[in-house]
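An overview of the molecular structure
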Amino acid sequence: MDVIYTIWLRSIKRYLRSRSRIVGSLGMPLFLLVFLGFGLNSVVVIPNTGEDYVVFLAPGIVSMGVLFTSIFAGLQIIWDRQFGFLKETLVAPVSRTEIMLGQTFGGATTAIFQGTLILILSFLIGLKFPGILGLLIAAGFMILVGIAFTALGISIASRIEDMNGFQLIMSFLIFPIFGLSGAMFPITGLPPAFRSLTMYDPLTYGVEGIRYGLTGSSQIDPLVCLVVLSAFSVAMIMAGAFLFRKTRI
Amino acid sequence: MKAVTVESLTKRFGDFTAVDNISFEIDEGEIFGLLGPNGAGKSTTISILATMADATSGKALVNGHHIAGDEDGVRKSIGIVFQDQSLDEELTAWENMDFHGRLYRIHGDTRRERTEELLELVGLDDRKDELVKTFSGGMRRRLEIARGLLHRPKVLFLDEPTLGLDPQTRNYLWEYIENLNMEFGISVIITTHYMDEADRLCDRVGIIDKGRIVALDTPENLKKSIGGDLITVKSDDYEGKLADINQPWIESIESYDGFFNIGLSGAEEHLTQIIEALAKTRITISSVSIRKPSLEDVFLYYTGKSIRDAEADSKERMRMMHFARRH
């Protein structure tokens, strides 16, 4: 536990120290919320609920914040390798699994923090306060998304040597995960082929779960979301632990 | 018990042999040097002993623990300062120490006490709350050494500890390492390609070239092994006439780049004889000098090339190693 806490603590310290990064990474979600949310509000009608597009969009943008922060937190391992710090942890008498779990929980914590900041912005823009229970449900899903995608980031970081592949990961992994997830559009209205594609995207279940917590309505049963996302988180942790154990300096 | 025992250790990357069947032992409390050009296999050897890489064959014990099998035992026994920096620059000096202490499961008060103590020892106590990214190269090195000592290791690995440091800082670090060794009685393995560093610090030196240990002894004995004195003759004698002056008291003759090193003892008495012999061969002599051999001469004697030439060779070796690793 000590070791996991130690690595977690380092992630938190580094995160809190990088003020400009925190503010910087709030920019994009905020602009998306404002431009898309208000820009498309008059032309988009959400089926069934008829709620404002900006209200529909907010949970999606919160998940986006959690997704990006957590994957980057996992990819931090690549920087640690490049700057030599990874050696310091790997040569210590601790198991790789502990290091990996510490990194995962640290990344997830910063991702939830980032998601919470976006959530606060959403409340300012027009999202109604969902009540304590709703908040807790949303928080639970944010935690799961944070854990799953930090672990995914660690898995990738264990396999690639340097930051050369970074653009590739951005374009062909992170962005499709976000784009396909139904963060920006209701999945019920999609053509069947496209719709089944979104069902393979694990983030879809995170977005729907968070949306259920924040707005009280979702297009996938929140229990299904919980089961699928939990299973995905466990699978990612196992994959991350396995791949990280094999990583070399 | 020996601090380190290495038996026929070999490391291959594909067809390329980085460490070739080396064996040596290090006593407790000894400062042992692995001396050789970059790419000779020093860092690879250290990585294997520190459990950061697997050996292809052979075995090694560190503080009585097998490097393959009892990795945690080895890891608890060693402190290591890597060739490349391994600090977190976004943390302060204190936090880097604290992180290390927690990883090694040193408990609260002990951890704080030792951190205070060690930071003072390396002269960083007044900057302990500053971020490492504001530190100079020498300060970072000192912090890394302090960190490596936090868990009271039995064996300290220093991989090129003074690489890229200015002469003053190097001197300071040498003194520091000597004191550490005396005060705590820990065994130190140091790799270096600086001859003077090995000479000054090490109780015993292993000269390593192309993955092999070609000589191993105290610096004094190594220097004696090529003769107590060296007479260096500068001459353009390409026909090797100089090599013909056969005298029983000459222990070795080595030539490189128009210089001839004649190893012998009692150079002062034999100087006239050598000059006479040289005069008879009628070769042009630009200069003659007498000096005590340095480890540089020892290296030249055992490998047949100066360490600078060896560096050039080993750049090629490193390229091969890189290639072999990737494929």
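Please read all numbers here as calculations on a predicted model, not as lab measurements.

What follows covers the overall build of chain B. If you tally the helices and strands in chain B, you get 11 helices and 14 strands. Each of the three principal axes of chain B carries a C-alpha extent, and together these read 80 × 45 × 35 Å. A separation of at least 24 residues holds for 70% of the contacts in chain B among residues at least 6 apart in sequence. The centroid of the 41 positive side-chain charges in chain B is displaced by 4 Å from the centroid of its 57 negative side-chain charges.

So, about the overall build of chain A. Scanning chain A for helices and strands turns up 10 helices and zero strands. For chain A, the N- to C-terminal ordering of α and β elements is α-α-α-α-α-α-α-α-α-α. Here the C-alpha radius of gyration of chain A, 18 Å, is about what a compact globule of 249 residues would show, namely 18 Å. At a minimum sequence separation of 6, the contacts of chain A that also span at least 24 residues come to 80%. Here chain A displays about 10800 Å² of accessible surface, and carbon together with sulfur accounts for 72% of that area. On chain A, the mean spot of the 16 positive side-chain charges and the mean spot of the 11 negative ones are 8 Å from each other.

Position of B:Ser86 relative to the elements: it lies in the loop between β6 (78–81) and α3 (93–103). With sequence-adjacent residues up to four places away left out, B:Ser86 is seen in contact with A:Phe83, A:Gly84, A:Phe85, A:Glu88, B:Glu144 and B:Arg147.

A few words on unusual backbone geometry. One non-glycine residue, B:Glu160, adopts positive backbone phi at about 50 degrees. Its relative accessible area of 2% is what places B:Glu160 among the buried residues.

Further remarks concern the interface of chain A and chain B. If you look at the interface, chain A gives 25 residues, while chain B gives 29 residues. For the pair chain A and chain B, the summed buried surface comes to about 2500 Å²; carbon and sulfur atoms form 57% of the total. Ranking the residues of chain A by area buried against chain B places A:Glu88, A:Val91 and A:Pro93 at the top, with a combined share of 27%. There are seven salt bridges connecting chain A and chain B. Note that A:Arg10 is salt-bridged to B:Asp88, the shortest N-O span being 2.5 Å. The interface formed by chain A and chain B contains nine residue pairs in polar contact (both at pLDDT 80 or more). Every element with two or more residues in the side of chain A that touches chain B is listed here: α1 (2–17) and α4 (85–90) of chain A. Among the elements that take part in the side of chain A that touches chain B, α1(A) stands out by supplying 10 residues, more than any other. Classifying every residue of the side of chain A that touches chain B by side-chain character gives 12 nonpolar, three polar and 10 charged.

A few words on the pairing of strand β3 (residues 31–35) of chain B. All names here are of chain B. Counting buried residues in β3 gives five out of five residues, a clear majority hidden from the surface. A two-sided burial pattern is seen for β3, the buried positions comprising Ile31, Gly33 and Leu35 on one face and Phe32 and Leu34 on the other. Here five bridges tie β3 to strand β8 (residues 187–192), and the two strands are oriented parallel to one another. Directly across from Leu34, in β8, lies its bridge partner Thr191. When β3 meets strand β9 (residues 204–209), the two strands line up parallel, connected through four bridges. Note that in β9 the partner of Phe32 across the bridge is Arg204.

All names here are of chain B. With six bridges joining them, strand β12 (residues 250–256) and strand β13 (residues 259–264) adopt antiparallel strand pairing. Counted as the bridge partner of Ser252 is Gly263 from β13. Joining the antiparallel neighbours β12 and β13 is a turn of two residues, in which Asp257 adopts a positive phi near 45 degrees.

What follows deals with the nonpolar core. The biggest cluster of nonpolar side chains holds 142 residues, and the ones touching the most others in it are A:Leu67, A:Phe149, B:Val4, B:Leu49, B:Leu143 and B:Ile189. The leading source of residues in this core is helix α3 (residues 53–82) of chain A, at 16 residues. Dropping the residues within four chain positions of it, A:Phe149 is found in contact with A:Leu67, A:Ser70, A:Ile71, A:Ile177, A:Pro202, A:Leu203 and A:Phe232. Counting residues in each nonpolar core, the second largest holds 13 residues, with B:Ile231, B:Ile245, B:Trp249 and B:Ile283 among its members.

Calculation notes
- Residues numbered from 1 in each chain as written.
- Chains lettered and ligands numbered in written order.
- Predicted model: local features only at pLDDT ≥ 70, side-chain atom pairs only at ≥ 80, totals over all residues.
- Heavy atoms only, no water.
- Helix = DSSP H or I, 4+ residues; strand = E, 2+ residues; numbered from the N terminus.
- Contact = heavy atoms within 4.5 Å.
- Lys, Arg positive; Asp, Glu negative; His and termini not counted.
- Charge placed at Lys NZ, Arg CZ, Asp CG, Glu CD.
- Rg over C-alpha atoms; globule rule 2.2 N^0.38 Å.
- Areas by Shrake-Rupley, 256 points an atom, 1.4 Å probe, with all protein chains shown as cover.
- Buried < 20%, exposed > 50% of the residue type's maximum accessible area, 1.4 Å probe, protein only.
- Buried area = accessible area lost by both parts, 1.4 Å probe.
- Salt bridge = Lys/Arg side-chain N within 4 Å of Asp/Glu carboxyl O.
- Polar contact = N/O pair within 3.5 Å; in protein donor to acceptor, adjacent residues only side chain to side chain.
- Nonpolar A, V, L, I, M, F, W, Y, C, P; charged D, E, K, R; others polar.
- Pairing = 2+ DSSP bridges.
- Core = buried A, V, L, I, M, F, W, Y, C linked by side-chain atoms within 4.5 Å.

Limitation: the analysis is restricted to geometry and does not speak to function.
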